[in-house]
Amino acid sequence: MEFFKIRRDIPFMRHALIFNIISFATFALAVFFLITRGLHLSVEFTGGTLMEVNYTQAADVGKIRDTVSGLGFTDVQVQNFGTSRDVMIRLPAQKGVSTAQQSDKVLGALKAASPDVTLRRTEFVGPQVGEELAHDGLKALAMVVFGIMVYLAFRFEWKYAVAAIIANLHDVVIILGFFAFFQWEFSLAVLAAVLAVLGYSVNESVVIFDRIRENFRRYRKMNTVEIIDNAITSTISRTIITHGSTQIMVLSMLLFGGPTLFYFALALTIGILFGIYSSVFVAAAIAMWLGIKREDLVKAPAKKGEDPNDPNAGATV
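Residues numbered from 1 in each chain as written. Predicted model: local features only at pLDDT ≥ 70, side-chain atom pairs only at ≥ 80, totals over all residues. Heavy atoms only, no water.

1. Points about the pattern of salt bridges
The tally for this structure, following the rule as stated, stands at seven salt bridges. With a closest N to O distance of 2.4 Å, Arg218 and Glu214 form a salt bridge. Of the two residues, Arg218 and Glu214 are both situated in helix α7 (residues 188-218); the distance of four residues between them amounts to about one turn of the helix. With relative accessibility at 32%, the residue Glu214 sits in the partly exposed group. Several salt bridges share partner residues, and in doing so they unite Glu52, Arg121 and Glu123 into one network. (Salt bridge = Lys/Arg side-chain N within 4 Å of Asp/Glu carboxyl O. Helix = DSSP H or I, 4+ residues; strand = E, 2+ residues; numbered from the N terminus. Buried < 20%, exposed > 50% of the residue type's maximum accessible area, 1.4 Å probe, protein only.)

As structure tokens, this is what we get:
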């Protein structure tokens, strides 16, 4: 399905160098902020107090969050747990204050606002658990990156795998750079969004690479630059439909999902926008500079008298 069809190919690769310089500068800034400012990790990574409370009626999560924040706690996470009457509260660790003191203080404020609240459980999440979560998260990220490279190398060719993985890591680092610069809270939900962006971004790269392979087979007189420009231009309508509809859904979570989904949706929004950009101006351009050619994807026909199964069939000296 196409909303519109562009009759003339847009010369994307003519401006590839300029856009890649911009990409490199943005990437370098993101790395700089990650090194100098670091990520503002949530309680899940740094440790703190975990409380589970229950109400006789549906709980007002926003009111509970305001009540707890009014006690001087920062980076408080409040969300429903299981049912609308069960609420989970995560409090950051404080020096000189025990878990029991924190939970008693919070429970007292909640009872003053709503006497029907009861404490189900309270526990301390140590920093060693946070270190394990961070380690597991990095391991998951590495496994996703490795899986993508293997998949692209088998489906296309190693040059395409290298180009796509550089573009995908470009998206991930820029997302992390935004979170480091603005000191937005980085939680497990945001980590899940980063992993989702990796898969989402590689899908766009695969669509473009598929069209490049198809064009190499179809247009014998086009050079590599013209092949890539035609591939990107011919998939623009699909890109607008797919990413536009996804972005509408993500924006609904960003605007109406509340604080619990805000940073998750924000990471997805940044990732989707940069994913489109990187697939066109990073992945395709790097593949072009790595020297992709028709012979990488399309075998030359065997000459008369040659064995078509011979790997050297059709080769010229």
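That covers the picture; the talk isn't over yet.
2. Some thoughts on a nonpolar patch on the surface
Taken together, the side chains of Leu17, Ile21 and Trp289 define a hydrophobic patch exposed on the protein surface, amounting to about 340 Å² of accessible area. A relative accessible area of 47% means that Trp289 is categorised as partly exposed. (Patch = residues over 30% accessible without salt bridge, like charges linked within 9 Å, V, L, I, M, F, W, Y side chains within 5 Å. Areas by Shrake-Rupley, 256 points an atom, 1.4 Å probe, with all protein chains shown as cover.)

3. Some details on the sheet that holds strand β4 (residues 83-92)
Pairing is antiparallel across the open sheet formed by four strands, whose spatial order is β3-β4-β2-β5. At either end of the open sheet lies a strand with only one pairing partner, and these are β3 (77-81) and β5 (118-125). Strand after strand, the sheet turns through a mean of 20° between neighbouring axes, direction not considered. Examined bridge by bridge, strand β2 (residues 48-54) and β5 share seven bridges and lie antiparallel to one another. Note that in β5 the partner of Asn54 across the bridge is Thr118. Helix α4 (residues 99-113) contacts β2, β4 and β5 of the sheet and is inclined by roughly 35° relative to β2. (Pairing = 2+ DSSP bridges. Axes fitted to C-alpha atoms, helices over the stretch in contact; angles between N-to-C directions. Contact = heavy atoms within 4.5 Å.)

4. Things to note about the pairing of β4
Look at any regular strand and the pattern is simple: side chains alternate between the two faces of the sheet. Within β4, seven of the 10 residues are buried, which leaves it mostly tucked inside the rest of the structure. Pairing between β2 and β4: seven bridges, direction antiparallel. Residue pairing across strands places Asn54 opposite Asp86, the latter belonging to β4. The pairing of β3 with β4 spans five bridges and is antiparallel. Bridging from a neighbouring strand, Val78 pairs with Ile89 of β4. In textbook terms, the turn of a hairpin is the stretch between consecutive antiparallel strands, and for β3 and β4 this stretch comprises one residue, one of which, Gly82, has a positive phi near 90°.

5. What about the nonpolar core?
Of all hydrophobic cores here, the largest spans 58 residues; its most connected members are Met13, Leu152, Phe209, Ile212, Ile228 and Ile232. Only α5 (127-155), α6 (158-182), α7, α8 (224-234), α9 (236-256) and α10 (259-289) provide two or more residues apiece to this core. Broken down by element, this core gets its largest block of residues, 16 residues, from α10. Look past the residues within four positions of Ile232 in its chain and what remains in contact with it is Phe12, Met13, Ile208, Val280 and Ala284. (Core = buried A, V, L, I, M, F, W, Y, C linked by side-chain atoms within 4.5 Å.)

6. Some points on the packing of aromatic side chains
The final tally for this structure, using the stated rule, is 15 aromatic pairs. The interplanar angle of 70° and the centroid separation of 6.3 Å between the aromatic rings of Phe19 and Tyr277 together place this pair among those described as edge-to-face. Of this pair, Phe19 sits in helix α1 (residues 16-36) while Tyr277 is found in helix α10, placing the two residues 258 residues apart along the sequence. Over the ring of Phe181 we find Arg37, and its NZ or CZ is 5.7 Å from the ring centre. (Phe/Tyr/Trp six-rings, centres within 6.5 Å; stacked < 30°, edge-to-face > 60°. Lys NZ or Arg CZ within 6 Å of the ring centre and 35° of its normal.)

7. Description of the packing of α7 against α8
Relative orientation and spacing of two packed helices are given, respectively, by the angle between their axes and the distance between those axes. For the pair α7 and α8, interaxial distance at closest approach is 9 Å and the crossing angle is 130°. It follows that α7 is oblique to α8 by the angle criterion. Regarding α7 and α8, the two cross each other, and that crossing is right-handed. Listed contacts from α8 to Ile208, Arg211, Ile212, Asn215 and Phe216 of α7 are Thr224, Ile227, Ile228, Asn230, Ala231, Ile232 and Ser234. (Parallel < 35°, antiparallel > 145°, perpendicular 65-115°, else oblique. Left-handed = near helix turned anticlockwise from the far one by under 90°.)

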